[in-house]
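Understanding the architecture of this molecule
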Amino acid sequence: MKIAEYIFRSASSFRTKQRLVIMLACSIVLVVTLLCFLVYSFYTFNRESRERLEALSDIVGADVGAALAFGDDQAVSKSLSAIKADPSIKRLFILNDNEQISAHYHRGDVGPPVDLLRCLNATRSESRQHFFKLSPSIERPIMKEGVRLGTILIEQDEHVITEKIVATSAISLFILSFALGFSYLLADRFQRIITDPVTAIATTMQEVSYTKDYSKRVSASDTDEMNTLAERFNEMLSEIERRDEDLLERQEQLHHMANFDVLTGLPNRVLFNDRLEQALLRASRTGDQLAVLFIDLDDFKMINDTHGHRTGDQLLLETAARLSAGTRAGDTLARLGGDEFTVFLQDIKSPESALSVARKHIKTLFVPYQIDEKRLFVSASIGVALFPSHGTTAETLVKNADSAMYLAKEKGKNNVELFTDSLHTILSERLGLCNDLHRALEQEEFELYYQPRVNLERNTWASAEALIRWNHPELGMVSPDKFIPLAEQTGLILQLGEWVIREACRQLHQWHAQGFYLPRISVNVSPLQLQRQDLLGIVKETLTENRLCTQALELEIVESALVEDMGRSITILRELKEIGVKISIDDFGTGYSSLSYLRTLPVDILKIDRSFLLNVHESEKDEQILAAIIAMSLSLGLEVVTEGVESVEQGHILRKHKCQDAQGYYFARPMPAEEFFQRFTALQPGLERFRFKPSGCTKTFCCMLSGGSSSNCGHGTFCFAERRLATS
Ligand code: C2E
Ligand code: MG
Ligand code: MG
């Protein structure tokens, strides 16, 4: 049983197992049948033998009866001669009525009388237990007319039955083997009906698991259960196929998201770095040069803030399209994020060829953008780093190209800059300054210098411009040109700008308290302050805190901050102007230099950049340009101030063209508050101390600044009576 179990378990396939089961069942049935048949045959042979022996004994008994009655043993013996011809008889004994052997027959030799008697006894005992014996024997009385004459004992030769049984068994075994062979064939044939659908499912499963092709299906079967199994299996495959497709789609999406920029569809930083690394490996084998261009749009943030993100996105799409058009197949263009793009150029012959590609990009990006109804002017700055001279890894090259791009921006934007090793020093210095800036505010390292603005007609100090200075503990006095752009980049300008407004107003209030009347103070305001700060709130609060008239404060805005329709900035400036704060355009002429847009802007004063004065005393043409700007500004109702007056000639020319105010080293350099106060009093020996009116508002000063009409007043808590300054 255990062996059968072992064989069954070790059978590898379902088909073999099933075949084994069928064969086992068949074998058991056939063997049992065979055994039953053999037992039955044996029994039948035995019975038949006995009947035959009985019949034989009756015949022999009748033959020997008379001879036995006469005790003629010889005649008895003679009567047995017929029996001797029968090969199935093994032994025969005729006993007389005294139980003495009268005659006997024995196949083969029998020894002395003792052996004969033993045979007789053996035959007698066997004849009594005749059932299922291979050599049946019988003992019967010999009767004649009711008298017992003797006894006959016959024993059959066992070979007769043995041969019969052997023959029957051999035939049965032959039939059994044939039946088993036939059953095997039938089993093999019939079990296919059951196993084929199962095998089909198993084969399909195996194929699917190898090929991962979930589109395969199992054909339906004719049995209900198998059909249901096949259907469920197919449904399961369909489900897996659907999920597999979903998974593939998601994987593709994820792969795309991980490697491509969602907005522009360009490769992102990950893919760019990967491709660049591969290109670098190739280039290091072949010895080719490679260039990385770092492209950044100038003032993109402003466009985004002013026109909204939708316009910003469209602009980026257009930028990506323009850059793609200018990128060779084989080179990779990527968007790193925001308005930052990178390209790497393979097989560059010289730095100049990389620079010329960069210049080409600058040119294409400078073409005005038409987005919806808007025409936008955008420029870009590009930094270039070369392999192998500026770095050997993707990370270093991108970082160095980025640094070069920063330098391009600092040099005035819309520019290409090639990385140089000295850039590291510049950048690390800048980084150092950047870190120091944060500390400087807390440590009160900043100070305001004041530069007077002179009224050319009356020759008086009409106001002062507050100019920030950084008293760096190690570097000494740091110029605002160095740290203001940094503060703007880091956003620290918001805190710094607020501090400047508060400090300038505090100073003006202090001077007023000292009895030094200065009508107005001007403060430079960064475009970022307009966009990200509650400038109106800060100004109102500061003026109130320092009990200053709103017209005592002037805010200087660079013209680039106002060129585009910067909704929020313009609204804030308008609100500031409405409460009486003066708004001036600083460095006019360095940017868009369009006087026509000034009409629409909330501006009171125009500060002409000092570049217009540079050659004015030598060049008639320059003088004419300056004169035209002054005239046009005046005609627009704006006050005009010219910056950077360094010589007496320049002063004369300005006076000649009716420029109202001027500022420059010729009159005074920017100076600390105390010096400003000292110089002012020293310059004006006959100066009467201005009278401070602590209560009530005479409105005189306010009226004077607003053109003499008293109706415009009402902004200041305290006002000062104007006194004309004695001129030297
Ligand atoms: P700005 O507002 O145009 O200021 C005038 C600049 O010209 C000052 O430089 C001043 O010292 C210089 N200057 C005045 N007269 C002459 C002259 O006759 N010749 C020459 N060559 N230069 C003259 P400074 O103080 O170095 O300031 C540079 C710039 O830094 C300022 O230009 C302004 O844009 C910015 N800045 C200064 N202080 C602040 C501030 O508190 N906030 C902001 N946002 N920017 C400031
Ligand atoms: Mg200024
Ligand atoms: Mg200026």
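Residues numbered from 1 in each chain as written. Chains lettered and ligands numbered in written order. Predicted model: local features only at pLDDT ≥ 70, side-chain atom pairs only at ≥ 80, totals over all residues. Heavy atoms only, no water.

**Some details on the overall build of the protein chain**
Put simply, the rule reads: Secondary structure elements are taken from DSSP: a helix is a run of H or I of four residues or more, a strand is a run of E of two residues or more, and numbering for both begins at the N terminus. Relative accessibility under 20% of the residue-type maximum defines a buried residue, over 50% an exposed one, and the middle range a partly exposed one, all with a 1.4 Å probe and only protein chains included. Residue contacts are defined here by distance: any two heavy atoms, one from each residue, within 4.5 Å place the two residues in contact. Note on areas: these come from Shrake-Rupley sampling with a 1.4 Å probe, and a residue is covered only by the protein chains present in the view.
On a plain count of helices and strands, the protein chain comes out with 23 helices and 21 strands. The burial tally for the protein chain puts 46% of its 728 residues in the buried class. A fraction of 66% describes how many contacts in the protein chain between residues 6 or more apart in sequence connect residues 24 or more apart. Just so you have it, the protein chain exposes about 37,500 Å², and 55% of that area is on carbon and sulfur atoms.

**A look at the packing of aromatic side chains**
What counts here: Within 6.5 Å between ring centres, the rings of Phe, Tyr and Trp (the latter by its six-membered ring) count as paired, and their orientation is classed by plane angle as stacked under 30 degrees, edge-to-face over 60, tilted in between.
Counting across every chain of the model gives 16 aromatic pairs. An angle of 45° between the planes, with centres 5.0 Å apart, marks the rings of W461 and F676 as tilted. One end of the pair, W461, is in strand β13 (residues 460-472); the other, F676, is in helix α22 (residues 673-683), with 215 residues separating them in the sequence. Classification of W461 as buried rests on a relative accessible area of 7%. Looking at F676, the relative accessible area reads 0%, which means it is buried. On the numbers, 5.1 Å between centres and 20° between planes, the contact of W511 with F676 is stacked. Separated by 165 residues along the polypeptide, W511 in helix α15 (residues 493-513) and F676 in helix α22 bring together distant segments of the chain. When sorted by exposure, W511 lands in the same class as F676, which is buried.

**Let's talk about the sheet that holds strand β3 (residues 137-144)**
Quick reminder of the rule: Note on pairing: DSSP must find at least two bridges between two strands before they are called paired. Throughout, an axis means a line fitted to C-alpha atoms (over the contacting stretch in the case of helices), and angles, computed between N-to-C directions, take values from 0 to 180 degrees.
Pairing is antiparallel in the open sheet, where four strands are placed in the order β2-β1-β4-β3. Edge positions in the sheet fall to β2 (101-106) and β3, since each has one partner strand and no second. Averaged over all pairs of adjacent strands, the angle between strand axes in this sheet comes to 15°, irrespective of strand direction. Relative to strand β4 (residues 147-156), strand β1 (residues 89-96) runs antiparallel, the two being bridged by seven bridges. By the bridge assignment for β4, I89 is matched with Q156.

**Examining unusual backbone geometry**
Of note, the amide linkage connecting F387 to P388 takes the cis form, showing an omega dihedral of 10°. With a phi angle near 60°, K212 is a residue other than glycine that sits in the positive phi range. Phi at N414 is positive, roughly 50°, even though this residue is not glycine. Along the chain, the position of N414 falls in the loop between α12 (394-410) and β11 (416-418).

**Considering the nonpolar core**
What counts is decided by this rule: As used in this record, nonpolar core signifies buried Ala, Val, Leu, Ile, Met, Phe, Trp, Tyr and Cys residues forming a set joined through side-chain atoms within 4.5 Å.
Among the nonpolar cores identified, the biggest contains 82 residues, and W511, L555 and L576 are the most heavily contacted of them. With nine residues, the top contributor of residues to this core is α15. If we ignore the near neighbours within four places in the chain, the residues touching L555 are V523, V525, L535, V539, L576, V581, K582, I583 and S584.

**A closer look at the coordination of the magnesium ion (ligand 2)**
Just so we agree on the cut-off: Donor atoms are limited to N, O and S found within 2.8 Å of the metal ion, a distance that becomes 3.2 Å for Na, K and Ca. With water left out, some sites might look partial.
Within the first shell, the magnesium ion (ligand 2) binds the protein through E465 (OE), N524 (OD1), E556 (OE) and D586 (OD), at distances of 2.1 to 2.2 Å. For the magnesium ion (ligand 2), the single-chain donor residues occur in sequence as E-x58-N-x31-E-x29-D. A spacing of 3.9 Å is found between the magnesium ion (ligand 2) and the magnesium ion (ligand 3), which share D586 as a donor. Here N524, found in strand β15 (residues 520-525), pairs with D586, found in strand β17 (residues 582-588); they are 62 residues apart in sequence, far enough to count as distant. In this structure N524 comes out as partly exposed when scored by relative accessible area, which is 28%. A residue is classified by how much of its surface remains accessible, and D586, at 6% relative accessible area, is buried.

**A closer look at the site of ligand 1**
Inclusion rule: Near, as used in this document, describes a residue that has one of its heavy atoms within 4 Å of the molecule or strand being considered. As used in this structure description, the phrase polar contact means that two N or O atoms lie within 3.5 Å; if the pair is within protein, one of them must be able to donate a hydrogen and the other to accept it, and residues adjacent in sequence are counted only when both atoms belong to side chains. Under the grouping applied here, Gly and all other residues not named as nonpolar or charged are polar, the nonpolar ones being Ala, Val, Leu, Ile, Met, Phe, Trp, Tyr, Cys and Pro and the charged ones Asp, Glu, Lys and Arg.
Around ligand 1 sit 22 residues, and of these R469, N524, D586, E646 and Y665 come closest. The separation between a nitrogen atom of ligand 1 and a polar main-chain atom of I468 is 3.2 Å. The contact in question runs from a nitrogen atom of ligand 1 to an N or O atom on the side chain of R610, over 3.4 Å. Contact with the protein chains hides 86% of the accessible area of ligand 1, taken as 790 Å² for the molecule alone. If you list the elements that add at least two residues to the shell around ligand 1, you get β13, α14 (480-490) and β17. Counting residues per element, the shell around ligand 1 draws most heavily on β13, at four residues. Among the residues making up the shell around ligand 1, the classes are represented as eight nonpolar, five polar and nine charged.

**Quick notes on the sheet that holds strand β5 (residues 289-297)**
Spatial ordering of the open sheet is given by β6-β7-β5-β10-β11, a layout of five strands whose pairing is mixed. Every other strand in the sheet has two partners, leaving β6 (332-337) and β11 as the edge strands with one partner each. Neighbour-to-neighbour, the strand axes of the sheet open up by a mean angle of 20°, direction not taken into account. Relative to β11, strand β10 (residues 380-387) runs parallel, the two being bridged by three bridges. Bridge pairing in β11 places G383 opposite E417. Taken strand by strand, α12 contacts β5, β6, β10 and β11, and its axis lies near 145° from that of β10.

**Describing the pattern of salt bridges**
What counts here: Think of a salt bridge as a Lys or Arg side-chain nitrogen and an Asp or Glu carboxyl oxygen that are within 4 Å of each other.
Here the structure, examined in full by the defined rule, presents 37 salt bridges. Among the salt bridges present, the one from E51 reaches R47, with a minimum N-O distance of 3.6 Å. Taken together, the residues span about one helical turn, with E51 and R47 both in helix α2 (residues 14-69) at a distance of four residues. In this structure, E54 engages R50 in a salt bridge whose closest nitrogen and oxygen atoms are separated by 3.4 Å. Placement of both E54 and R50 in helix α2 is noted, with a separation of four residues, approximately one turn of the helix. For E54, a relative accessible area of 26% translates into the label partly exposed. For R50, a relative accessible area of 17% translates into the label buried. Each of R453, E465, R520, E554, E556, K607, E639 and E643 takes part in one network of salt bridges that share partners.

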